[in-house]
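Each chain, written out:
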Amino acid sequence: MASPSTHKRKRHENSSSGASALLEADESQARASLSAPELAAASPSSSSSSASASVSSQKRSRLEEDSSSTSNTSSAPASAYPINPPPTDRPVRVYCDGIYDMFHFGHARSLQQAKSLFPNTYLLVGVCSDELTHRLKGKTVMSDVERYESVRHCRWVDEVVEAAPWVVTDEFLKAHQVRTKHP
(Lines give C-alpha, C1' and ligand atoms only; values in the text may rest on other atoms or scores of the structure.)
Protein backbone atom coordinates (compact mmCIF):
# COMPACT_ATOMS: atom_id res chain seq x y z
CA MET A 1 0.00 0.00 0.00
CA ALA A 2 1.25 3.48 -0.87
CA SER A 3 2.02 5.90 1.88
CA PRO A 4 -0.21 9.01 2.27
CA SER A 5 2.58 11.30 1.05
CA THR A 6 2.95 9.23 -2.15
CA HIS A 7 -0.80 9.36 -2.69
CA LYS A 8 -0.80 13.16 -2.37
CA ARG A 9 2.12 13.42 -4.78
CA LYS A 10 0.31 11.32 -7.40
CA ARG A 11 -2.83 13.41 -7.04
CA HIS A 12 -0.74 16.58 -7.44
CA GLU A 13 0.95 15.16 -10.55
CA ASN A 14 -2.45 14.28 -12.01
CA SER A 15 -3.87 17.73 -11.32
CA SER A 16 -0.84 19.47 -12.80
CA SER A 17 -1.02 17.36 -15.96
CA GLY A 18 -4.71 18.25 -16.21
CA ALA A 19 -3.86 21.94 -15.88
CA SER A 20 -1.24 21.70 -18.60
CA ALA A 21 -3.75 19.91 -20.83
CA LEU A 22 -6.21 22.76 -20.26
CA LEU A 23 -3.50 25.31 -21.05
CA GLU A 24 -2.68 23.46 -24.28
CA ALA A 25 -6.38 23.37 -25.22
CA ASP A 26 -6.67 27.12 -24.61
CA GLU A 27 -3.59 27.70 -26.76
CA SER A 28 -4.96 25.56 -29.58
CA GLN A 29 -8.28 27.46 -29.45
CA ALA A 30 -6.42 30.76 -29.49
CA ARG A 31 -4.28 29.62 -32.43
CA ALA A 32 -7.39 28.48 -34.33
CA SER A 33 -8.88 31.96 -34.01
CA LEU A 34 -5.73 33.68 -35.34
CA SER A 35 -5.17 34.67 -38.94
CA ALA A 36 -2.14 33.36 -40.90
CA PRO A 37 0.22 36.32 -40.15
CA GLU A 38 -0.74 36.25 -36.46
CA LEU A 39 -0.15 32.49 -36.38
CA ALA A 40 3.31 32.90 -37.94
CA ALA A 41 4.21 35.44 -35.26
CA ALA A 42 3.29 32.94 -32.56
CA SER A 43 5.58 30.23 -33.91
CA PRO A 44 5.85 26.87 -32.14
CA SER A 45 9.66 27.20 -32.04
CA SER A 46 9.38 29.56 -29.08
CA SER A 47 8.52 28.27 -25.62
CA SER A 48 4.88 27.59 -24.78
CA SER A 49 4.70 30.40 -22.20
CA SER A 50 6.04 33.02 -24.60
CA ALA A 51 3.79 31.70 -27.39
CA SER A 52 0.73 31.90 -25.18
CA ALA A 53 1.77 35.40 -24.05
CA SER A 54 2.12 36.56 -27.66
CA VAL A 55 -1.19 34.92 -28.60
CA SER A 56 -2.99 36.56 -25.69
CA SER A 57 -1.44 39.97 -26.45
CA GLN A 58 -2.45 39.65 -30.10
CA LYS A 59 -5.99 38.68 -29.12
CA ARG A 60 -6.11 41.61 -26.70
CA SER A 61 -4.95 44.08 -29.36
CA ARG A 62 -7.48 42.65 -31.84
CA LEU A 63 -10.27 43.06 -29.27
CA GLU A 64 -9.20 46.66 -28.61
CA GLU A 65 -9.25 47.37 -32.35
CA ASP A 66 -12.72 45.82 -32.67
CA SER A 67 -14.11 47.78 -29.73
CA SER A 68 -12.67 51.08 -30.97
CA SER A 69 -14.04 50.54 -34.49
CA THR A 70 -17.53 49.63 -33.25
CA SER A 71 -17.72 52.51 -30.80
CA ASN A 72 -17.09 55.05 -33.56
CA THR A 73 -19.83 53.70 -35.79
CA SER A 74 -23.45 53.67 -34.67
CA SER A 75 -26.57 52.58 -36.46
CA ALA A 76 -28.33 55.94 -36.10
CA PRO A 77 -26.88 59.43 -36.35
CA ALA A 78 -26.57 61.29 -33.06
CA SER A 79 -29.17 63.87 -34.08
CA ALA A 80 -31.80 61.27 -35.10
CA TYR A 81 -33.17 60.81 -31.58
CA PRO A 82 -32.60 63.90 -29.45
CA ILE A 83 -33.13 63.35 -25.77
CA ASN A 84 -34.72 66.19 -23.87
CA PRO A 85 -33.42 66.79 -20.38
CA PRO A 86 -35.96 66.31 -17.57
CA PRO A 87 -37.62 69.45 -16.27
CA THR A 88 -36.07 71.01 -13.18
CA ASP A 89 -38.94 73.30 -12.19
CA ARG A 90 -41.53 70.56 -11.58
CA PRO A 91 -41.75 66.83 -10.88
CA VAL A 92 -42.01 64.44 -13.80
CA ARG A 93 -45.33 62.57 -13.67
CA VAL A 94 -44.84 58.91 -14.60
CA TYR A 95 -47.82 56.58 -15.11
CA CYS A 96 -47.71 52.78 -14.70
CA ASP A 97 -50.67 50.45 -14.70
CA GLY A 98 -51.48 46.83 -14.08
CA ILE A 99 -53.67 44.31 -12.29
CA TYR A 100 -51.34 43.94 -9.26
CA ASP A 101 -53.12 40.84 -7.98
CA MET A 102 -51.22 39.25 -5.08
CA PHE A 103 -48.87 42.26 -4.94
CA HIS A 104 -45.32 40.92 -4.59
CA PHE A 105 -41.65 41.86 -4.68
CA GLY A 106 -41.52 41.94 -8.50
CA HIS A 107 -44.35 44.47 -8.61
CA ALA A 108 -42.60 46.62 -6.00
CA ARG A 109 -39.27 46.48 -7.89
CA SER A 110 -40.90 47.57 -11.16
CA LEU A 111 -42.54 50.50 -9.36
CA GLN A 112 -39.22 51.37 -7.73
CA GLN A 113 -37.55 51.45 -11.15
CA ALA A 114 -40.32 53.68 -12.52
CA LYS A 115 -39.92 56.02 -9.55
CA SER A 116 -36.15 56.25 -10.08
CA LEU A 117 -36.40 57.19 -13.79
CA PHE A 118 -35.91 60.90 -13.03
CA PRO A 119 -34.49 62.82 -10.08
CA ASN A 120 -37.90 64.32 -9.21
CA THR A 121 -40.65 61.80 -10.08
CA TYR A 122 -44.32 61.71 -9.13
CA LEU A 123 -45.48 58.13 -9.69
CA LEU A 124 -49.12 57.46 -10.60
CA VAL A 125 -50.13 53.81 -10.63
CA GLY A 126 -53.32 52.65 -12.31
CA VAL A 127 -55.04 49.52 -11.03
CA CYS A 128 -57.76 47.96 -13.19
CA SER A 129 -61.17 47.21 -11.67
CA ASP A 130 -62.55 43.72 -11.02
CA GLU A 131 -65.23 44.10 -13.68
CA LEU A 132 -62.70 44.99 -16.38
CA THR A 133 -60.11 42.43 -15.26
CA HIS A 134 -62.58 39.55 -15.00
CA ARG A 135 -63.99 40.33 -18.42
CA LEU A 136 -60.68 40.77 -20.26
CA LYS A 137 -58.16 38.67 -18.35
CA GLY A 138 -59.75 36.36 -15.81
CA LYS A 139 -60.52 35.93 -12.14
CA THR A 140 -58.35 37.56 -9.51
CA VAL A 141 -57.49 36.32 -6.04
CA MET A 142 -57.82 39.73 -4.39
CA SER A 143 -60.73 42.13 -4.84
CA ASP A 144 -60.13 45.45 -6.56
CA VAL A 145 -60.31 47.34 -3.24
CA GLU A 146 -57.64 45.04 -1.76
CA ARG A 147 -55.47 45.54 -4.82
CA TYR A 148 -55.87 49.34 -4.63
CA GLU A 149 -54.80 49.31 -0.98
CA SER A 150 -51.84 46.98 -1.51
CA VAL A 151 -50.46 49.25 -4.25
CA ARG A 152 -51.23 52.37 -2.18
CA HIS A 153 -49.00 50.99 0.61
CA CYS A 154 -45.98 50.61 -1.66
CA ARG A 155 -43.42 53.22 -0.60
CA TRP A 156 -42.64 54.37 -4.17
CA VAL A 157 -46.24 55.06 -5.20
CA ASP A 158 -47.44 58.67 -4.93
CA GLU A 159 -50.99 58.23 -6.22
CA VAL A 160 -53.24 55.28 -7.13
CA VAL A 161 -55.67 55.63 -10.02
CA GLU A 162 -58.57 53.32 -9.20
CA ALA A 163 -60.49 51.60 -12.00
CA ALA A 164 -57.79 52.41 -14.54
CA PRO A 165 -58.63 51.83 -18.21
CA TRP A 166 -57.38 48.74 -20.02
CA VAL A 167 -56.04 50.90 -22.87
CA VAL A 168 -54.47 54.27 -22.06
CA THR A 169 -55.69 57.14 -24.23
CA ASP A 170 -54.48 60.70 -24.71
CA GLU A 171 -57.59 61.97 -22.91
CA PHE A 172 -56.77 59.82 -19.87
CA LEU A 173 -53.19 61.11 -19.77
CA LYS A 174 -54.38 64.72 -20.09
CA ALA A 175 -56.92 64.22 -17.31
CA HIS A 176 -54.13 63.01 -15.00
CA GLN A 177 -51.67 65.68 -16.21
CA VAL A 178 -49.18 63.21 -17.67
CA ARG A 179 -47.35 64.95 -20.50
CA THR A 180 -46.27 62.91 -23.47
CA LYS A 181 -44.34 65.71 -25.22
CA HIS A 182 -42.48 68.81 -24.19
CA PRO A 183 -44.44 72.05 -24.79
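Up top is the structure.
## Brief notes about a nonpolar patch on the surface
A contiguous nonpolar surface patch, about 290 Å² in accessible area, is contributed by L136, W166 and V167. Looking at the secondary structure, you find V167 in the loop between strand 3 (159-162) and helix 7 (170-175).

## What about the sheet that holds strand 3?
Pairing in this open sheet of three strands is parallel, and the strands run 1-2-3 from one edge to the other. The open sheet terminates on both sides in strands that have one partner only, identified here as strand 1 (92-98) and strand 3. Across the sheet, the mean angle from the axis of one strand to that of its neighbour is 25°, orientation sign disregarded. Judged from the four bridges that link them, strand 2 (residues 121-127) and strand 3 form a sheet pairing that is parallel. Within strand 3, the position partnered with V125 by the bridge is V160. Along the sheet, helix 4 (residues 105-115) makes contact with strand 1 and strand 2, crossing strand 2 at roughly 145°. Helix 6 (residues 144-152) contacts strand 2 and strand 3 of the sheet and is inclined by roughly 165° relative to strand 3.

How each quantity is defined
- Residues numbered from 1 in each chain as written.
- Predicted model: local features only at pLDDT ≥ 70, side-chain atom pairs only at ≥ 80, totals over all residues.
- Heavy atoms only, no water.
- Patch = residues over 30% accessible without salt bridge, like charges linked within 9 Å, V, L, I, M, F, W, Y side chains within 5 Å.
- Areas by Shrake-Rupley, 256 points an atom, 1.4 Å probe, with all protein chains shown as cover.
- Salt bridge = Lys/Arg side-chain N within 4 Å of Asp/Glu carboxyl O.
- Helix = DSSP H or I, 4+ residues; strand = E, 2+ residues; numbered from the N terminus.
- Pairing = 2+ DSSP bridges.
- Axes fitted to C-alpha atoms, helices over the stretch in contact; angles between N-to-C directions.
- Contact = heavy atoms within 4.5 Å.

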